[in-house]
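Architecture and fold: a report
Chain by chain, the residues run as shown.
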2 protein chains.
Amino acid sequence: MNRTILALTSLVAFGAAAQQTIGLNHDALFPRLERDSVFFSLNAPGARQVSVTGDFSGPMTLGADSLWHAAFPIAGPDLYIYNYNVDGMTVTDPANPYTVRDIAHLFSYFITPGTGYLAGNLPHGSLTREWYHSDKLGMDRRISVYLPAGYNENTDRRYPVFYLLHGMGGDETSWSELGRATYILDNMIASGNAEPMIVVMPNGNARQEAAPGETTEGLYATTMDRSVSPRDSFEGSFGEIIDFIDSNYRTVPDAAHRAVAGLSMGGGHTWRLQQLMPETFGYYGIFSGAVGWKGNPDLMKEDDPSLLPASPLPRLYYIAIGRDDFLYPLNKTFRESLTKAGIPYTYEESDGGHVWTNWRRYLTGFLPLLFK
Amino acid sequence: MNRTILALTSLVAFGAAAQQTIGLNHDALFPRLERDSVFFSLNAPGARQVSVTGDFSGPMTLGADSLWHAAFPIAGPDLYIYNYNVDGMTVTDPANPYTVRDIAHLFSYFITPGTGYLAGNLPHGSLTREWYHSDKLGMDRRISVYLPAGYNENTDRRYPVFYLLHGMGGDETSWSELGRATYILDNMIASGNAEPMIVVMPNGNARQEAAPGETTEGLYATTMDRSVSPRDSFEGSFGEIIDFIDSNYRTVPDAAHRAVAGLSMGGGHTWRLQQLMPETFGYYGIFSGAVGWKGNPDLMKEDDPSLLPASPLPRLYYIAIGRDDFLYPLNKTFRESLTKAGIPYTYEESDGGHVWTNWRRYLTGFLPLLFK
């Protein structure tokens, strides 16, 4: 075959294959950031009514360019999630390949400059998805493990361990995906704002082996009630996780080098772990915490006299919550009882409610306090 | 507070929080499988014209239930990708949280029974995303490493290594996500059809540090041409990858325990690695391979006399391609020249074209031939 023809054929063939089997998207329809605003554009040629939902909420208008447009002010540096509602159907942005799953719902997202939630030009840690066996729960269970940059090179060094727990409806992928934990860790360790540490993100649903799609159950749409578990079942099996980590990684296996924190249900797990094994962890973080968690949200109650931490008291007992969080009253009562009992705690109160925006911020605020 | 009221409040509060910030989807609108057909349903109340695209192609009709419906025959067990086109806009399925990215395009997907592409109730390997340094490419680069079940327990055991390469427009996540490689490995190792092995999936784009969204470039829509690289740049830096793996994992560092395979551009990389370092690998797999790859598809030519493998010849030289693949003629010419030169190879020819359906199958066919 003639060389010139073949060269052309190859190009055309790659193009044809792409069109046939691979979606290419050259549209510049990503949400565009300009000063303190975000501009959304959508190509929905047949639509009659279009709006933006998620972290932004409002109608889009059809422009002279035949695209739908909307602009919103940006509150500050953050990861923002959104969907488009097109004639009553809620979809992800066709021009944006970046989506994140929250429970069973997919959102498109973008990240503004200045967050610390993107990869930096700096040493990177690793993230492993692996499995440990739980005798108490009677199953192999999936777990995510972050190792800081340098772990493989510094083979004589042992590291502190931070156990980071998700909320109701979440799983062992929530903190790395929605929570951007690996980026936050990489960035904060590189800047000296956090100690190099191992971060362990288990699945806190005692009846679940792993995240949706990662088990023999195949692909299903998960629901919040899959998080409901027998009381203390996850917390009571936590020693197995610690044993697994201490056996397989170069840890410093004592309370001064072990922290635990969680959001919502995971804040409840954290609260309970302190009571069940008070000598195991030195540092506790309760983010928008379901304090008094008994395996089920409707079993919690504010007036429980048994909510106080057990002895010995933690080196750090960190509580953070948003003023609009539905768990704010519960946490307020809890803090008052801590104060009354003379138990010290560190408190951060933020704007907003029960949202990942706050949990990423609380993680960022908590990390510098660890292992000092 | 009264306990009964509080219990109700908690339930309502969790529900309210969910509606406010977390999408729940209880609709049973997943593609439904029945005998040899798939039934799609979409709730698009305002739409005028809806169709299914991707592995299936055809119009949907509005039913008496106010949902859009379409049914298609299923060819066989597989992972199937699809989108909905609603009045000219192509979107993922709002009822299906499972999507996969191909280049810059998101597809919804489902997996039929009998594929081996889902997690089994059997020992699970692990998957790590980590970074190695390339002096030759002048950057830290992201790499995916699969370790077989038992790696952590059998600390005296050393393992063979299989390097698995993606195609043009792909990255270090392609084989684990679109390729379902970790599931295929887990299942085939458990059934005794593959040796326990380490599988290494690097990023084959010499100018890229990592997959889209994983670098300082932030979130962008990747394109095929990001795969175009100076000739031999990736292949010429491959020794650094092997050194990294042999330094950090318990490998058997010889050709009898080292395999490499790739799809399309990665098949070209595989072909070229044999020529550049013929004593390094014992086993080669060229899946829909861009044989003659010179860093750019339009530089390839069929009639190149220098395409033959270098000496020493491989233990296994495996070529697989679909009859409808645009690279079929190139591979046919190549096979003829192998035959003419008396160079043995193993050949698998399949239906279909340049698609992941075939690459998952070729991987499944290739694995049992390794390290025997």
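Residues numbered from 1 in each chain as written. Chains lettered and ligands numbered in written order. Predicted model: local features only at pLDDT ≥ 70, side-chain atom pairs only at ≥ 80, totals over all residues. Heavy atoms only, no water.

Section: the overall build of chain A
The condition is simple: A run of DSSP states H or I qualifies as a helix once it reaches four residues; a run of E qualifies as a strand once it reaches two. Both are numbered from the N-terminal end. Every radius of gyration here is taken over C-alpha atoms, with the globule rule written as 2.2 Å times N^0.38, N being the number of residues. Buried means the residue's accessible area, taken with a 1.4 Å probe over protein chains only, is under 20% of the maximum for its type, while exposed means over 50%, and partly exposed covers the values in between.
For chain A, the helix and strand inventory stands at 8 helices and 18 strands. Taking 372 residues into account, the globule formula puts the C-alpha radius of gyration at 21 Å, and chain A, at 23 Å, falls close to it. Overall, the C-alpha framework of chain A stretches about 80 × 50 × 40 Å when taken along its three principal axes. A burial count over chain A gives 63% of its 372 residues as buried.

Quick look at the interface of chain A and chain B
Note the threshold: Residue contacts follow a heavy-atom distance rule, with two residues in contact if any of their heavy atoms lie within 4.5 Å. Summed over both partners, buried area is the accessible surface (1.4 Å probe) that two parts give up on being assembled. A carboxyl oxygen of Asp or Glu within 4 Å of a side-chain nitrogen of Lys or Arg is what we treat as a salt bridge. Polar contacts here mean pairs of N or O atoms no more than 3.5 Å apart (in protein, one a potential hydrogen donor and the other a potential acceptor; neighbouring residues in sequence count only if both atoms are side-chain atoms). The pairing criterion is simple: DSSP has to find at least two bridges between the two strands.
Listed as interface residues are 84 residues of chain A and, on the opposing side, 84 residues of chain B. Summed over both sides, the interface between chain A and chain B buries roughly 7300 Å², with carbon and sulfur atoms accounting for 65% of that surface. Viewed at the interface, chain B and chain A are joined by 0 salt bridges. Counting across the chain A and chain B interface gives 16 residue pairs in polar contact (both at pLDDT 80 or more). Breaking the side of chain A that touches chain B down by element, the ones donating at least two residues are α1 (3-21), β8 (89-91), β9 (99-102), β10 (105-111) and β11 (126-134) of chain A. For the side of chain A that touches chain B, the element with the highest residue contribution is α1(A), accounting for 10 residues. Bridge analysis of β11(A) against strand β11 (residues 126-134) of chain B gives 3 bridges, and the strand direction is antiparallel. Bridge pairing in β11(B) links A:R129 to B:L127.

Let's talk about helix α8 (residues 356-366) of chain B
Most of α8(B) sits inside the fold, with 8 of its 11 residues counted as buried. Taken residue by residue, α8(B) has B:W356, B:T357, B:N358, B:W359, B:R360, B:Y362, B:L363 and B:F366 as its buried positions.

Regarding the relation of the copies chain A and chain B
Applied cut-off: All copies are superposed by least squares; the fitting set is the C-alpha atoms of residues with a pLDDT of at least 70 in both.
You can overlay chain A on chain B at an RMSD of 0.0 Å; the transform is a turn of 180 degrees with a shift of 0.0 Å along its axis. Between the two chains, the operation in question is that of a two-fold axis. By C-alpha distance to the rotation axis, the residue of chain A lying nearest is A:T128, at 2.0 Å. Of all interface residues in chain A, 100% are interface residues in chain B too; the two copies therefore contact each other through one and the same surface.

Quick look at the side chain of A:S176
Residues and elements named next belong to chain A. Note on placement: S176 falls in helix α2 (residues 174-177). For S176, a relative accessible area of 4% gives the class buried. Polar contacts involving the side chain of S176 include one to the main-chain carbonyl oxygen of T173, which spans 3.1 Å. Apart from residues lying up to four places away in sequence, S176 is in contact with L127, R129, A181, T182 and M201.

With respect to the packing of helix α3 (residues 181-190) of chain A against helix α8 (residues 356-366) of chain A
Residues and elements named next belong to chain A. The criterion, for reference: To get an axis, fit a line to the C-alpha atoms, keeping to the stretch in contact for a helix; angles then go from 0 to 180 degrees between the N-to-C directions. Under this scheme an angle from 65 to 115 degrees is roughly perpendicular, one under 35 degrees roughly parallel, and one over 145 degrees roughly antiparallel; angles in between are oblique. Take the far helix as the reference: if the near one is turned anticlockwise from it by less than a right angle, the crossing is left-handed, and if turned clockwise, right-handed. In this classification, the charged set is Asp, Glu, Lys and Arg, the nonpolar set is Ala, Val, Leu, Ile, Met, Phe, Trp, Tyr, Cys and Pro, and all remaining amino acids, among them Gly, are polar.
One can describe the packing of α3 onto α8 by two numbers: an axis separation of 11 Å at closest approach and a directional angle of 30 degrees. When the axis of α3 is compared with that of α8, the two are roughly parallel. As α3 runs across α8, the sense of the crossing is right-handed. When α3 is examined against α8, the residues A181, I184 and M188 are found in contact with a partner set consisting of R360, L363 and T364. For the contact of α3 with α8, the per-class residue count stands at 4 nonpolar, 1 polar and 1 charged.

Side note on the sheet that holds strand β6 (residues 68-73) of chain B
In space, the 4 strands of this open sheet follow the order β1-β2-β6-β5 (chain B), with antiparallel pairing throughout. Edge positions in the sheet fall to β1 (32-34) and β5 (61-62) of chain B, since each has one partner strand and no second.

Observations regarding the nonpolar core
Note the following rule: To qualify as a nonpolar core, a set must consist of buried Ala, Val, Leu, Ile, Met, Phe, Trp, Tyr and Cys residues joined through side-chain atoms within 4.5 Å.
By size, the foremost hydrophobic cluster in this structure holds 41 residues, and its most contacted members are A:F162, A:W175, A:F287, A:L367 and A:L370. Not counting residues up to four positions away in its chain, the partners in contact with A:F287 are A:W175, A:A261, A:G262, A:L263, A:S264, A:Y318, A:A320, A:W359, A:Y362, A:L363 and A:F366.

A few points about the pairing of strand β17 (residues 316-322) of chain A
Residue and element names in this part refer to chain A. Where we set the bar: For crossovers, right-handed means that the path from the first strand over the helix to the second runs clockwise, given strands pointing away from the viewer.
Within β17, 7 of the 7 residues are buried, which leaves it mostly tucked inside the rest of the structure. Across the two faces of β17 the burial is the same, with L316, Y318, A320 and G322 and Y317, I319 and I321 all buried. Where strand β16 (residues 283-287) lies against β17, 5 bridges are found, and the strand directions are parallel. Bridge pairing in β17 places I286 opposite I319. In this sheet, strand β18 (residues 346-350) lies alongside β17 in parallel orientation, the contact comprising 5 bridges. Pairing of G322 across the sheet is with S350, part of β18. The parallel pair β17 and β18, bridged by helix α7 (residues 328-340), forms a crossover whose chirality is right-handed.

Section: the pairing of strand β9 (residues 99-102) of chain B
Residues in a regular strand project their side chains so that they alternate between the two faces of the sheet. All names here are of chain B. In the sheet, β9 pairs with strand β10 (residues 105-111) via 4 bridges, with the strands oriented antiparallel. Residue pairing in the sheet places T99 in a bridge with S108 of β10. Between β9 and β10, which pair antiparallel in sequence order, lie 2 residues; one of them, I103, sits at a positive phi of approximately 55 degrees.

Topic: the packing of aromatic side chains
Filter applied, for reference: Stacked, edge-to-face and tilted labels apply to pairs of Phe, Tyr and Trp rings (six-membered ring for Trp) whose centres lie within 6.5 Å, assigned for plane angles under 30 degrees, over 60, and everything in between, in that order. Criterion for a charge above a ring: Lys NZ or Arg CZ within 6 Å of the ring centre, and within 35 degrees of the ring normal.
Taken as a whole and assessed by the stated rule, the structure comprises 64 aromatic pairs over all chains. Judged by centre distance (6.3 Å) and plane angle (65 degrees), the rings of B:Y151 and B:Y249 are edge-to-face. Placement of the pair is B:Y151 in the loop between β12 (139-147) and β13 (161-165) and B:Y249 in the loop between α5 (238-248) and β15 (258-263), with a sequence separation of 98 residues. Within the aromatic cluster, the residues linked to one another by ring pairs are A:F162, A:W175, A:F287, A:Y318, A:W356, A:W359, A:Y362 and A:F366. When the ring centre of B:Y220 is taken as origin, the NZ or CZ atom of B:R226, which lies over that ring, is 4.0 Å away. The ring of B:Y328 carries the charged tip of B:R335 above its face, separated from the ring centre by 5.8 Å.

A few points about the sheet that holds strand β6 (residues 68-73) of chain A
All names here are of chain A. With antiparallel pairing, the 4 strands of this open sheet are ordered in space as β1-β2-β6-β5. Each end of this open sheet is capped by a strand with a single partner; those strands are β1 (32-34) and β5 (61-62). Relative to strand β2 (residues 37-42), β1 runs antiparallel, the two sharing 3 bridges. Residue pairing in the sheet places E34 in a bridge with S37 of β2.

Structural notes on the confidence of the model for chain A
Defined as follows: Confidence scores labelled pLDDT are given residue by residue by the predictor and lie between 0 and 100.
Per-residue confidence for chain A gives a mean pLDDT of 91, with 92% of residues at or over 70. Our summary of model confidence lists the complex with pTM equal to 0.92 and ipTM equal to 0.92.

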